[in-house]
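Structural characterization, general
Read off the chains here:
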Amino acid sequence: GRVVVDGMCGPGTLGLMSMLMGASKVILNDAWRPAIENVLLNLEVNKGLLDVEVERLVPTGDMPLTGDETVLVAKAIRGGNTTAEVYYGDLRQLAVVVDDCDVCLIDTFPTADPSGIRDIWLKKTPNVIVI
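An account of the accompanying structure is given in this report. This one's a predicted model, so the numbers in the text were calculated from it and none came from an experiment.

**Focus: a nonpolar patch on the surface**
On the surface, a nonpolar cluster with roughly 450 Å² of combined accessible area is contributed by Met17, Leu20, Met21 and Leu49. Its relative accessible area of 69% is what places Met21 among the exposed residues.

**Notes on the side chain of Thr60**
Relative to the assigned elements, Thr60 resides in the loop between β3 (53-56) and β4 (71-78). The class for Thr60 is buried, based on a relative accessible area of 10%. Apart from residues no more than four positions distant in its own chain, Thr60 is found in contact with Arg33, Ile36, Glu37, Leu40 and Val73.

**Details of the nonpolar core**
Grouped together as the largest cluster of nonpolar side chains are 23 residues, with contacts concentrated most on Met19, Leu28, Leu43, Val73 and Val86. Looking at which element gives the most residues to this core, the answer is helix α2 (residues 33-45), with 4 residues. In contact with Met19, other than residues within four places in its own chain, are Val26, Leu50, Val52, Arg78, Thr83 and Ala84. Core analysis: the next-biggest nonpolar cluster, separate from the first, contains 14 residues, Val3, Leu91, Ala95 and Ile106 among them.

**With respect to helix α1 (residues 13-20)**
For α1, the full list of buried residues reads Gly15, Leu16, Ser18 and Met19. Along the axis of α1, the buried positions cluster into a sector of 155 degrees, meaning they face one direction only. Two residues or fewer past α1, Gly22 is found with a positive phi of approximately 105 degrees.

**What to know about unusual backbone geometry**
With phi around 60 degrees, Asp51 is a residue other than glycine that occupies positive phi space. Along the chain, the position of Asp51 falls in the loop between α3 (47-50) and β3.

**A word on the sheet that holds strand β1 (residues 3-6)**
Spatially, 7 strands are ordered β3-β4-β5-β2-β1-β6-β7 in an open sheet, and the strand pairing comes out mixed. Sheet topology places β3 and β7 (128-130) at the edges, where each strand pairs with a single neighbour. When the angles between neighbouring strand axes are averaged without regard to direction, this sheet yields 15 degrees. Where β4 lies against strand β5 (residues 81-88), 7 bridges are found, and the strand directions are antiparallel. Looking across to β5, one finds that Ile77 is bridged to Thr82.

**Let's talk about the side chain of Asn29**
Along the polypeptide, Asn29 turns up in strand β2 (residues 25-30). Engagement of the side chain of Asn29 in a polar contact is seen with the backbone oxygen of Gly89, the distance being 3.0 Å. When neighbours within four sequence positions are excluded, Asn29 is seen to be in contact with Asp6, Gly7, Met8, Cys9, Ile36, Tyr87, Tyr88, Gly89, Asp90, Leu91 and Leu94.

Parameters at a glance
- Residues numbered from 1 in each chain as written.
- Predicted model: local features only at pLDDT ≥ 70, side-chain atom pairs only at ≥ 80, totals over all residues.
- Heavy atoms only, no water.
- Patch = residues over 30% accessible without salt bridge, like charges linked within 9 Å, V, L, I, M, F, W, Y side chains within 5 Å.
- Areas by Shrake-Rupley, 256 points an atom, 1.4 Å probe, with all protein chains shown as cover.
- Salt bridge = Lys/Arg side-chain N within 4 Å of Asp/Glu carboxyl O.
- Buried < 20%, exposed > 50% of the residue type's maximum accessible area, 1.4 Å probe, protein only.
- Helix = DSSP H or I, 4+ residues; strand = E, 2+ residues; numbered from the N terminus.
- Contact = heavy atoms within 4.5 Å.
- Core = buried A, V, L, I, M, F, W, Y, C linked by side-chain atoms within 4.5 Å.
- Arc of directions from axis to C-beta.
- Pairing = 2+ DSSP bridges.
- Axes fitted to C-alpha atoms, helices over the stretch in contact; angles between N-to-C directions.
- Polar contact = N/O pair within 3.5 Å; in protein donor to acceptor, adjacent residues only side chain to side chain.

These figures capture arrangement, not role.
Written out as structure tokens, the structure reads:
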């Protein structure tokens with residue numbers, strides 16, 4: 001029943017597993033367009049398992065390879081309720097868009113320093129998990 005942010009979601013594995021484990025809402029975000037395209041593919045392929053319909057809001061083909069501004073690209077809907085939102089853009093900017101969350105998962109590249117992003121999200125939730 002929690003709201004989970006999968007902040008640097010890549011193909012969306014952690015977010016999709018959060019949906020399967022009972023999260024009431026999952027926010028998937030990545031700043032790399034191919035990652036967003038993979039999330040959308042994973043949602044489509046697994047929509048029966050997740051019991052959702054996927055609503056694409058913005059075509060990804062014209063988007064730059066990396067995004068700074070937060071753009072809501074798609075929603076996954078179950079029974080009239082949004083269970084997942086897919087955003088394209090910088091995770092720091094997403095913190096302005098997201099009203100609240102119970103946990104934020106940050107899965108950075110091994111050489112990246114996540115401390116600045118972690119500090120931003122700690123203002124939203126005490127449950128920031130850096131993987």
